Every structure is written in structure tokens, then in C-alpha cells.
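One letter stands for each residue in the lines below.
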Amino acid sequence: MNSKIENNHTHHDTDLINKLKQLTPIAYDRVRITFAKEMGIRPATLDSIIKHEKTASQKGEKSPFPDIKPWHESINPENLLSDIAQSIKRFIVCENETVIAATLWIAMTWFIDVIQVAPLAIITAPEKRCGKSQLLFLFGQLVKRPLTASNISPSALFRSIDTLQPTLLIDEVDTFLKENHELRGLINAGHTRNAAFIYRTTGEDHTLTQFNLWGAKALAGIGKLNDTLMDRSILLSLRRKLATEQTERLRHAEPQLFKQLAAKLARLAADYSGQILIARPELPNALGDRAQDNWEPLLAIADIAQGDWPQLARKTALKISGNFEQSKSIGVELLADIQDIIESMNTDRITSADLINKLCDDPEKPWRTFNHGHPISPRQLACRMHDYGITSTTIRFHSATAKGYLFLQFADAFNRYLSTNKAPSVTT
């Protein structure tokens, strides 16, 4: 009798394991605790079993990704990028720079094996119904190895990337990512190839296991995300469609459109990966170091396309990532406002009190309420400036002395952290 019961348990466990190993990492993560409890084992033990089973049957498993065979003949890179751009315009209302950047980012996913930096694509809009999910869906038709999720846990994230090497497409990140520090850190970790590794303990014996987070990731959500994410991103801004603006519905696209474009992208990667591997594209000096890193693989792709693409790509980079006002921190914003004040004065020094008064003159600036509803304090100002190597000191003002700043103290910080470059317009 005991043997019969044991056999029943064994068959039941085998059935469960066979079902679980067919799930994607995201789906598995949602049910692993429940099924581990049903089997009377720890979730870590179940993880180890499933990973072993998947490894053992990897050759016989069906891939969760569409089978994309490279296009049967060589393609013209310039024409391919233009076709993708026109397809985006057909279905999505957005500025030209968003079209150019989205096109290059889609192409970048097919070169993921030969590039060193994988910038995030952050699809954002100020409100709902601006086409974020539509653009993410379009990405899913064209990128390499697309894996879509509307929510994802940290463990599902690193397990899915390590196991499947997908292009991860995550929707509605504004609902769960802002306060999830662990998940945000994992996404940040996959930005560069040489730093895309994390370590976790797995199994009953708590074996130290390395997981690789390298890969392309697109995030869609409302509003601005955490600065560390934005700093690693290509920002794709969308807007709500006007009644006079016409687009086609994605579901009405001709059946072979995206399949043919994806096949041509696969052929592009097959033919040009060697060139992208050794490419050293010219990077706009007006971009910061991180922005240059982000745009390097996209500019390399634009350069192999030739035609108008090299110029369009660089104008787009400056428009999206060269706009200093969009991405500056509160400290740099303070520096920029101080620079404006200094340029309006015919002297070489200012007291701390006068500087604060001038900072608070503009009701739309944050300085009037910076100190819990009160004006920024001299100590807060001094602490912020100290981070940039600027220290308040006792200075003579006519016949009196007071705490303040010499304007020469700000020169180095202005040169290092502020930019006056204006982004050019982008047209196609």
C-alpha cells in the first residue's frame, strides 16, 4: 500500500514538473511557491529541479520565440530602416525623433551579441491613451526574441534573461517599478555587457549561482522614471492623438508586414555584425559620457545604413539626450539657476542671503518651498554647493563682511556640469 501511494506521488510530481518546465520564466515565477508547497518541497528545490529538467531537454524543447529565418537575399540597410520608420508612422502618433530612435533601437536588438552597451528604450507619455502599449506591441513584432510582460518580479526578471536571452518588453512600469528598488537595480545592472552579472544562492545547499542580465529591455509607462533608469535610456516620448491625426490600427496591418521586416533585420544582423563589432562611430561632443555610451550602438547602425541616417541619428541623439533641461538633477538645476543670476549681475560676488533671495524670485522654481515649504536655507545651499567643490566664505562687501560666494568659485562647476548646446530639429 505504501509503495502504491509513493508511486502515485511520484507520478503526480512528474506531471507537475513536466507542466512547469514548459512555462516561461515569468509564468513559472508566479506559481512556483504554490506548486512547491503542493509537492512538499522548498521553492529553491523546485527551482533546481526545473532548471535541471530544462537543461536536460533543451535540445528538444520548442522555443518560446517566433522562428525568424534571415531574408533570402542581401538587403539595403538604408531602405530597411526607412521601411521600419514608415511602419512606425503608420501606426503610432509621435515626433520624428521618436520614430528615428525607435527604428534604430529595434535594429540594435538584432546586434545584441556584438555590442557592449544596451540602452533601455523607455516609452513614456504624460497621460493614458497615448499609444505606449501600441508601440511596445509593435516592438514585439520586430525585435529579436521578444518576451512581453505587464508586470514582473525580480526573480522572474533575472531568471528569464539568463535562461532565454530575450528582448524584454515590460508594460505599465509606472504602476510597480518606481518603488521596487531591487527590480530597478537589476534592470540597471544589464546596461553594459561586462557588468551584467548578479549572484544569488540556489538549491537546498545554497549554491552561489551567477545570472547574466545582459540584453535589450524596453519599458513603457506614464511619466518620468527613476533618474538611474533615465540615465541609461533612449527616451521615446509619445503624445495623445488629435482628432485630425490619422493612424492605422496595428491589428489591421497586412499579415506579412512585420514578418518580412523581422526577416530582413535578421539578415541585416547576419551580414553586418562584423562591422558593428568593430565600429567606432563619431559621437556628438554635446552629449554627456553616459548618453554617448547609450547612442554608440545606434549611431553605428545608422552609419552602416548610410544615406540620411547618420545625420538623422545624430540630430535625434542631440534632440533626445542633448536637452540638458530634461535630465538634470536638483543639484545641477541649482547650479544652472545660479549661473543665470551671475550672468545678470555686474559684480564678482554675492552674499548667501542675496543669492537665496534671487533664487526665490521665480515662483515656478523649487527654491521658494525647497525647505519643507520654506525657502532653501543657507545651510542647504552650502551643502549643495560643497558637492561641486564650492564653499561659502566670509567676504567683504563694501564696508561690511558677510558669508557669500565669489563668482570665480563657480567657473569649474559650470564648465563641468552645465551645457548651453541647443538641440537641432529632426526631420525625415
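Residues numbered from 1 in each chain as written. Predicted model: local features only at pLDDT ≥ 70, side-chain atom pairs only at ≥ 80, totals over all residues. Heavy atoms only, no water.

(A) Quick peek at the overall build of the protein. Of the regular secondary structure elements, the protein holds 17 helices and 10 strands. With respect to the three principal axes, the spread of C-alpha positions in the protein is 100 × 60 × 45 Å. Partitioning the contacts of the protein with sequence separation of at least 6, the portion at a separation of at least 24 is 70%. Where the 51 positive side-chain charges of the protein centre and where its 48 negative ones centre are 3 Å apart. (Helix = DSSP H or I, 4+ residues; strand = E, 2+ residues; numbered from the N terminus. Contact = heavy atoms within 4.5 Å. Lys, Arg positive; Asp, Glu negative; His and termini not counted. Charge placed at Lys NZ, Arg CZ, Asp CG, Glu CD.)

(B) Seen up close, the sheet that holds strand 8 (residues 349-351). Across the sheet, which stays open at both edges, the three strands sit in the order 8-10-9 with antiparallel pairing between neighbours. For this open sheet the edge positions go to strand 8 and strand 9 (393-397), each flanked by a neighbour on one side alone. Between one strand axis and the next, the sheet turns by 65 degrees as a mean value, whatever way the strands run. Bridge analysis of strand 8 against strand 10 (residues 400-406) gives three bridges, and the strand direction is antiparallel. Opposite Thr351, over in strand 10, you have Gly404 as the bridge partner. Against the sheet, helix 15 (residues 352-359) engages strand 8 and strand 10, with an angle of about 85 degrees to strand 8. (Pairing = 2+ DSSP bridges. Axes fitted to C-alpha atoms, helices over the stretch in contact; angles between N-to-C directions.)

(C) Inspection of the nonpolar core at higher detail. One finds Phe111 and Phe139 to be the most contacted residues of the largest nonpolar core, which totals 101 residues. Sort the elements by how many residues they give to this core and helix 10 (residues 257-278) lands first, with 10 residues. Once you skip the residues sitting within four places of it in the chain, Phe139 turns out to touch Ala102, Trp105, Ile106, Ala121, Ile123, Leu169, Ala218 and Leu236. Membership of the second largest hydrophobic core comes to 24 residues, among which are Leu335, Leu359, Met385 and Tyr388. (Core = buried A, V, L, I, M, F, W, Y, C linked by side-chain atoms within 4.5 Å. Buried < 20%, exposed > 50% of the residue type's maximum accessible area, 1.4 Å probe, protein only.)

(D) How the structure looks around a nonpolar patch on the surface. On the surface, a nonpolar cluster with roughly 320 Å² of combined accessible area is contributed by Phe197, Tyr199 and Leu208. Position of Tyr199 among the secondary structure elements: in strand 4 (residues 197-202). (Patch = residues over 30% accessible without salt bridge, like charges linked within 9 Å, V, L, I, M, F, W, Y side chains within 5 Å. Areas by Shrake-Rupley, 256 points an atom, 1.4 Å probe, with all protein chains shown as cover. Salt bridge = Lys/Arg side-chain N within 4 Å of Asp/Glu carboxyl O.)

(E) The arrangement of the packing of helix 10 against helix 11 (residues 289-305) in detail. Here helix 10 crosses helix 11 at 110 degrees, and the two axes come no closer than 11 Å. The pairing of helix 10 with helix 11 is recorded here as roughly perpendicular in orientation. Crossing hand, helix 10 versus helix 11: right-handed. Between helix 10 and helix 11, the contacting residues are Leu268, Tyr272, Gln275 and Ile276 on the first element and Ala300, Ile301 and Ile304 on the second. Split by residue class, the contact of helix 10 with helix 11 holds six nonpolar, one polar and no charged. (Parallel < 35°, antiparallel > 145°, perpendicular 65-115°, else oblique. Left-handed = near helix turned anticlockwise from the far one by under 90°. Nonpolar A, V, L, I, M, F, W, Y, C, P; charged D, E, K, R; others polar.)

(F) Geometry of the environment of Asp47. Relative to the helices and strands, Asp47 resides in helix 3 (residues 43-56). For Asp47, a relative accessible area of 9% gives the class buried. The spatial distance from the C-alpha of Asp47 to the C-alpha of Lys21 is 9.9 Å, given a sequence separation of 26 residues. Residues in contact with Asp47, not counting those within four places in the same chain, are Tyr28, Arg32 and Arg159. Polar contacts involving the side chain of Asp47 include one to the side chain of Tyr28, which spans 2.6 Å. (Polar contact = N/O pair within 3.5 Å; in protein donor to acceptor, adjacent residues only side chain to side chain.)

(G) Local environment of the sheet that holds strand 7 (residues 233-237). The parallel open sheet is built from five strands, whose spatial order is 2-3-6-1-7. Each end of this open sheet is capped by a strand with a single partner; those strands are strand 2 (146-149) and strand 7. The average angle at which neighbouring strand axes cross in this sheet is 20 degrees, direction not considered. Along the sheet, helix 5 (residues 96-109) contacts strand 1 (120-125), strand 3 (167-170), strand 6 (217-222) and strand 7; its crossing angle with strand 7, the most-contacted strand, is approximately 135 degrees.

(H) Focus on unusual backbone geometry. Within the chain, Gln306 stands out as a residue other than glycine whose phi angle is a positive 60 degrees. Looking at where Gln306 falls in the secondary structure, it is placed in the loop between helix 11 and helix 12 (309-321). The exposed category is assigned to Gln306, whose relative accessible area is 52%.

(I) How the structure looks around helix 7 (residues 154-164). The buried count for helix 7 comes to 10 of 11 residues, which makes it a mostly enclosed element. Every buried residue of helix 7 is listed here: Pro154, Ser155, Ala156, Leu157, Phe158, Arg159, Ser160, Ile161, Asp162 and Leu164. Of the residues flanking the end of helix 7, it is Gln165, one or two places downstream, whose phi is positive at about 50 degrees.

(J) Spatial organisation of the pairing of strand 4. Pairing analysis gives six bridges linking strand 4 to strand 5 (residues 207-212), with the strands arranged antiparallel. The residue of strand 5 that forms the bridge with Arg200 is Thr209. Counting the residues in the hairpin turn of strand 4 and strand 5 gives four residues, including Gly203, whose phi is positive at 75 degrees.

(K) Inspection of the pattern of salt bridges at higher detail. For the coordinates displayed, the defined rule picks out 14 salt bridges. The shortest N-O distance in the salt bridge between Asp113 and Lys144 comes to 3.3 Å. Of this pair, Asp113 sits in the loop between helix 5 and strand 1 while Lys144 is found in the loop between helix 6 (132-142) and strand 2, placing the two residues 31 residues apart along the sequence. Arg314 is the salt-bridge partner of Asp303, the closest N and O atoms lying 3.0 Å from each other. With a gap of 11 residues between them, Asp303 in helix 11 and Arg314 in helix 12 connect regions that are remote in the sequence. Taking the relative accessible area as the measure of exposure, Asp303 reaches 27% and is therefore partly exposed. Take Arg314: its relative accessible area is 17%, and that puts it in the buried class. A cluster of three or more residues bridged by salt bridges with shared partners is formed by Arg32, Asp47 and Arg159.

(L) How the structure looks around the side chain of Thr351. Mapping Thr351 onto the fold places it in strand 8. Those residues in contact with Thr351, other than ones at most four positions away along the chain, are Phe397, Ala402, Lys403 and Gly404.

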